[in-house]
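Chain by chain, the residues:
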Amino acid sequence: MEVDKLGANAQTPSSNSDKLSVLIISGRSGSGKTSVLNALEDLGYYSIDNLPLSLVPEAAHKLVNESNIKRVALGVDIRSPRADLSNFAAIQQQLHNRYGEAKVQVIYVTAQEDILVARFNATRRVHPLMSQDADGIKNTRYNLPAAIQKEVELLQPIASRADITIDTSKLNIHQLKERLRDQVGAENKVVINLLSFGFKYGTPIDADFVFDVRILPNPHWNADLRSATGLDSEVATFFADYPEVSEMSEDIAHFLTRWLPNFLHNNRHTVTVAIGCTGGKHRSVFITEKLQRHLTQHLPKELTVVAKHREKNRW
């Protein structure tokens, strides 16, 4: 019986998801604060937007202490009550006292004024200060530049105490996510889903790569193996007599080992590699399991490889 050249021992990738991180996200309207929260959510943070600032300590306590969520991102913006904004230093200190300064960071998102004006004009959205009660906020009701300038003043208590300031004027969403990953020390992770399937039941519409292994010898035509699956040792013994099975496995493994790591720099979080045979029971299952063992050993630890069998309920 031929030795499995693709390896047999899986390694568990390391993770920093158990490290406590409480982020307060604020910034100028139109600068991308919501995009930052969405990006952090993709990086494993539990995100809540538009919290009144006075409720931030309570929300953090409920998530961290009561629900044991270790990575939290809480969004605060100009819609928070004015008294809360002016009291930001005290709220930040409260969080420092509870979790430690190193575990709490304030991220302030900004952009150049002409960029903000262009973004509001492009989206046809109304600046929050233009739609709020104008009492005490002079000349902002119908004046976008005035509203943008007033917002800078009102957010100064937060901006002046920010640990990280990000200017999004020249950043696209992918560059923004890279910047965040670098700033907060979040691991870039991608889950590789290896999916066996049967062509007779349809090709997976969400697959990024599809490999057809129907050219390989089919155990289905062996009466003793028809009820077995690609997970069974007797099927592995059957395939060991056909060198083309290992050759195809190695060719696919070489391709995936070469190209899958590039997805770490493509802002993808999942990649689906589909392996298909006729019924999704023997060949595709065997090759999928073989690839899972190899890729787990040879891909960077940031890539987590999972084997799934779509037709398992049909076996």
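Look up a bit, the structure's there.
Calculation rules
Residues numbered from 1 in each chain as written. Predicted model: local features only at pLDDT ≥ 70, side-chain atom pairs only at ≥ 80, totals over all residues. Heavy atoms only, no water. Pairing = 2+ DSSP bridges. Helix = DSSP H or I, 4+ residues; strand = E, 2+ residues; numbered from the N terminus. Axes fitted to C-alpha atoms, helices over the stretch in contact; angles between N-to-C directions. Contact = heavy atoms within 4.5 Å. Phe/Tyr/Trp six-rings, centres within 6.5 Å; stacked < 30°, edge-to-face > 60°. Buried < 20%, exposed > 50% of the residue type's maximum accessible area, 1.4 Å probe, protein only.

K.L.:
Could you clarify how one ought to interpret the sheet that holds strand S7 (residues 209-212) in this entry?
P.N.:
Remark on secondary structure: sheet strands pair via backbone hydrogen bonds, oriented parallel or antiparallel. With parallel pairing, four strands are arranged side by side in an open sheet as S7-S8-S6-S9. Lying at the two open borders of the sheet, with one neighbouring strand each, are S7 and strand S9 (303-309). Across the sheet, the mean angle separating the axes of adjacent strands is 20° when strand polarity is ignored. The pairing of S7 with strand S8 (residues 270-277) spans four bridges and is parallel. Bridging from a neighbouring strand, Phe-211 pairs with Ile-275 of S8. Along the sheet, helix H11 (residues 243-259) contacts S7 and S8; its crossing angle with S7, the most-contacted strand, is approximately 170°. Together, strand S6 (190-198), S8 and S9 form the strand contacts of helix H12 (residues 283-298), whose direction differs from that of S9 by roughly 165°.

K.L.:
So what exactly am I meant to see when it comes to the packing of aromatic side chains here?
P.N.:
For any two aromatic rings, the description comes down to two numbers: the centre-to-centre distance and the angle of the planes. One pass over the structure, following the stated rule, counts seven aromatic pairs. Considering the side-chain rings of Phe-211 and Phe-255, the 6.0 Å spacing of their centres and the 70° angle between planes classify their relative orientation as edge-to-face. Here Phe-255 lies in helix H11 and Phe-211 lies in strand S7, a separation of 44 residues in the sequence. Classification of Phe-255 as partly exposed rests on a relative accessible area of 32%.

K.L.:
Looking at this model, I keep getting lost on the sheet that holds strand S2 (residues 46-48). Mind explaining?
P.N.:
If you walk across this open sheet you meet the five strands as S2-S3-S1-S4-S5, and the pairing is parallel. The two strands at the open ends of the sheet, each matched to only one other strand, are S2 and strand S5 (164-167). Each strand of the sheet is rotated relative to its neighbour by a mean of 20°, with strand direction disregarded. Here strand S4 (residues 104-110) pairs with S5 via four bridges, running parallel. Looking across to S5, one finds that Ile-107 is bridged to Ile-164.

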